[in-house]
Number of protein chains: 2
Amino acid sequence: MLTCNNFVFHSPTKIIFGAKTISQLKNEIPQKAKILMIYGSGSIKKNGVYDQVKEALKEHNVMEFSGITPNPRYETAIKAVEICKKENIDFLLAVGGGSVIDATKFISIASKYPGKDPWDIMPHKNNQLKNLFQPTEAIPIGTVLTIPATGSEMNTGYVITRESTKEKVGRIDQLVIPKFSILDPETSYSLPKRQIINGIVDSFVHVTEQYLTTFRNTKISDRFAEGVIDTLISEAPVVLKNPKDYSARANIMWASTMALNRLIGCGVDFDGATHSIGHEITAMNDSDHAKTLAAVIKGVLIYKKQQKMKKLVLMAERIYGKKEGTDEEKADFAISETIKFFNSIGMKTTLSSVGIKKENFQEIADRIEERTKTMGFGLGEHRDIYKDDVLKILELCDP
Amino acid sequence: MLTCNNFVFHSPTKIIFGAKTISQLKNEIPQKAKILMIYGSGSIKKNGVYDQVKEALKEHNVMEFSGITPNPRYETAIKAVEICKKENIDFLLAVGGGSVIDATKFISIASKYPGKDPWDIMPHKNNQLKNLFQPTEAIPIGTVLTIPATGSEMNTGYVITRESTKEKVGRIDQLVIPKFSILDPETSYSLPKRQIINGIVDSFVHVTEQYLTTFRNTKISDRFAEGVIDTLISEAPVVLKNPKDYSARANIMWASTMALNRLIGCGVDFDGATHSIGHEITAMNDSDHAKTLAAVIKGVLIYKKQQKMKKLVLMAERIYGKKEGTDEEKADFAISETIKFFNSIGMKTTLSSVGIKKENFQEIADRIEERTKTMGFGLGEHRDIYKDDVLKILELCDP
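Residues numbered from 1 in each chain as written. Chains lettered and ligands numbered in written order. Predicted model: local features only at pLDDT ≥ 70, side-chain atom pairs only at ≥ 80, totals over all residues. Heavy atoms only, no water.

Overview of the sheet that holds strand E9 (residues 180-183) of chain B
In step 1: In space, the seven strands of this open sheet follow the order E1(A)-E2(B)-E9(B)-E6(B)-E5(B)-E3(B)-E4(B), with mixed pairing throughout. Each of the sheet's edge strands pairs with one partner strand only, and the pair in question is strand E1 (7-9) of chain A together with strand E4 (61-65) of chain B. Going from strand to strand, the sheet's axes swing by 20 degrees on average, the running direction of each strand aside.
In step 2: Of the pairings in the sheet, the one linking strand E5 (residues 91-96) of chain B to strand E6 (residues 141-145) of chain B comprises five bridges and is parallel in character. Each residue of the ladder has a partner; that of Gly96 of chain B, found in E6 of chain B, is Leu145 of chain B.
In step 3: Packing of helix H5 (residues 98-110) of chain B onto the sheet brings it into contact with strand E3 (34-38), E5 and E6 of chain B, and relative to E5 of chain B it is tilted by some 165 degrees. (Pairing = 2+ DSSP bridges. Helix = DSSP H or I, 4+ residues; strand = E, 2+ residues; numbered from the N terminus. Axes fitted to C-alpha atoms, helices over the stretch in contact; angles between N-to-C directions. Contact = heavy atoms within 4.5 Å.)

In structure tokens form, the structure reads like this:
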């Protein structure tokens, strides 16, 4: 029987969790720091978060940079890099969701990048993964999270989109893991329904990309993954019905952090195929990230069902309560119940819902071919998903 | 309904997990460091761990200090403090179980302690908790764990026994959390059965002291706690039958770290009553720590059953599969099944098994009175367990 992979787990972010905790910001950033506060389109000015941050930092030296969009753009981030250099910024405070935090991570590295073109920090079509720049310096980051979804508040990853080349690419750096993240569930009270649903689906797929992999008898990672999924399933209808249910908000916020701080990945393989294919769709037409995952996951799971069988069976038994039937039936049940759950909270799971028709399949496959060339290997936990496999996966998705 | 407590979670220890990982030591300690390697009675020389450590650090500057015992003694640790000062040690490497790691944490703080008597670092009968010294300096620590049990490899706590005054006392310091911990499940292959069983019970009680508290709808902490318990219950018979089952060893080792790195404590109350009463018994007669927990837990859970009802019911339903019956019946079932599990792996659960008879009850209660005076509050999650309550708890334990 396979056993757990050796692993390194290093998650030094200090989490400050709970209602009214934004005021603690002042103790977490050195008094003398020159801070750049980075945020998005300004929703934090409507829900009170901006005022709480400014109040907490009223004796600090704070500059601001706003305008980070969903699928954060290289073209925007690079403007903040100029400010960091010019103003000798020595602390970055991201206030927002995963897009703001991801952009901040890029800005952190790019501000100290010694090369000519900061785009070369990312793995892109002319920049192979194996030759990737390894940073030794970065501006320290703290975050105030307002959207539970990406896990970026407690991990090393960031994904950046370049508008001009229509590329959406990601990388990881231990250097950019936030020093602290403040998670006040009340900040999520005012989220639009669409973002709540997107966040739940994104978190859910983060879990399945670690949990639904080769069975390695990793009892802690498996049970924890099931705990995160179970929490998302039970709390989603609660927050959708009552946006100010503190318990449910807190449970979803903590679940989404746990979904991708790599804890549930300890000892197991990682299958990023759903995310990779989803990223290409977003790069093509700016679809919501989570919607692309919901549109693609079914195809990936069916295509890889035999390799994921044992875990799909576990999921069917433990999450969806199916104790009877063959392994095949249980695996099919796990997949169909997952789709059913997404639909039940108002998430569509069809390719057409993210603007993809049959005639677009080839472009997606061609894009994946570019990506696999950049990476030097295929998608998925076995690194064996290439262009032709992607075409087959897309055929297995709902049209 | 109660909601989750605000919390801070900060667990920066880098975990390096897996077979043959001790060789990675060399990359984790600065080349120029003057290292004091601290270990116990020498079992690491028999099972190969000592050789692996020395080989990994052959180009480092390493001194050694051995002789740390179970329930590590102040009188021993203080000798290592002298060495640290005299030799300007700037890195401490603990190689062993929780006792070695706890002693190392004390040595780390004591070596930089500006006061006269390092015993005053600890809360003791002449040193109230509220007046406790708050260190600002400590020697950095790394660990090579060989006994899964205490969780000390990834937490801030340490417990020290002073032989001369028969006191066993603990404290926490963020400063002493290990920089890294190497967890190679193979190091536990050669553990005597008694230590395997002790470790499983200690870990189990770490979980129940967080999980079996006031219900606060903390879904992640609850599910994770259940995952740890479930892992201990399912893997214990496997390792007892086949000591070289890598998967089971790995699962138990990771479970015991998760049991007390405070992750499952996020948002919930903490009830250390079983540990506190157990510590007094060990201080009196040097009983194995875990055996005292097994002897005392039943009394604590019965005495606090009404306050812990909702969690005991959850435990009965989710861990022990009891779906029928009243809450009272389920709670009783959770307690009796826990005792049954301990017995099934060869752990006795009577006071007499740790040398305690009825005539000793008063001494234990008097000791707890001293402790509650030092702390400034009672034991347990509600801080309401005092001397008289302890007498009642002991009456509820099996004689």
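Some details on the packing of aromatic side chains
In step 1: All told, the structure shown has 25 aromatic pairs over all chains when counted by the stated rule.
In step 2: On the numbers, 5.1 Å between centres and 65 degrees between planes, the contact of Phe7 of chain A with Trp254 of chain B is edge-to-face. Highlighted residues: Phe7 of chain A in strand E1 and Trp254 of chain B in helix H8 (residues 246-259), drawn from two different chains.
In step 3: An aromatic cluster is defined as three or more aromatic residues linked by ring pairs; in this entry it consists of Phe7 and Phe9 of chain A together with Phe17 and Trp254 of chain B.
In step 4: Its end group placed over the ring of Phe377 of chain A, Arg383 of chain A keeps NZ or CZ at 3.7 Å from the ring centre.
In step 5: Directly above the ring of Tyr50 of chain B sits Lys45 of chain B, whose terminal nitrogen or CZ lies 4.8 Å from the centroid. (Phe/Tyr/Trp six-rings, centres within 6.5 Å; stacked < 30°, edge-to-face > 60°. Lys NZ or Arg CZ within 6 Å of the ring centre and 35° of its normal.)

Description of the UniProt feature "domain: Alcohol dehydrogenase iron-type/glycerol dehydrogenase GldA" (unreviewed entry) in chain A
In step 1: On the UniProt side, "domain: Alcohol dehydrogenase iron-type/glycerol dehydrogenase GldA" (unreviewed entry) is annotated at positions that read residues 12-185 of chain A here.
In step 2: A distance of 21 Å separates the end C-alpha atoms of residues 12-185 of chain A, which is 25% helix and 24% strand. (UniProt positions renumbered as here; feature names shortened; annotations may be inferred.)

What about the domain arrangement of chain A?
All names here are of chain A.
In step 1: Along its sequence, chain A is organised into domain 1 (14-187) and domain 2 (193-396).
In step 2: Relative placement of domain 1 and domain 2: their C-alpha centres are 26 Å apart.
In step 3: Across the contact, 31 residues belong to domain 1 and 29 residues belong to domain 2.
In step 4: Inspection of the region where domain 1 meets domain 2 yields one salt bridge.
In step 5: Inspection of the domain 1/domain 2 interface yields 13 residue pairs in polar contact (both at pLDDT 80 or more).
In step 6: When contributions to the side of domain 1 that touches domain 2 are tallied by element, the ones reaching two or more residues are strand E2 (14-17) and strand E8 (167-172). (Domains from an automatic or database assignment. Salt bridge = Lys/Arg side-chain N within 4 Å of Asp/Glu carboxyl O. Polar contact = N/O pair within 3.5 Å; in protein donor to acceptor, adjacent residues only side chain to side chain.)

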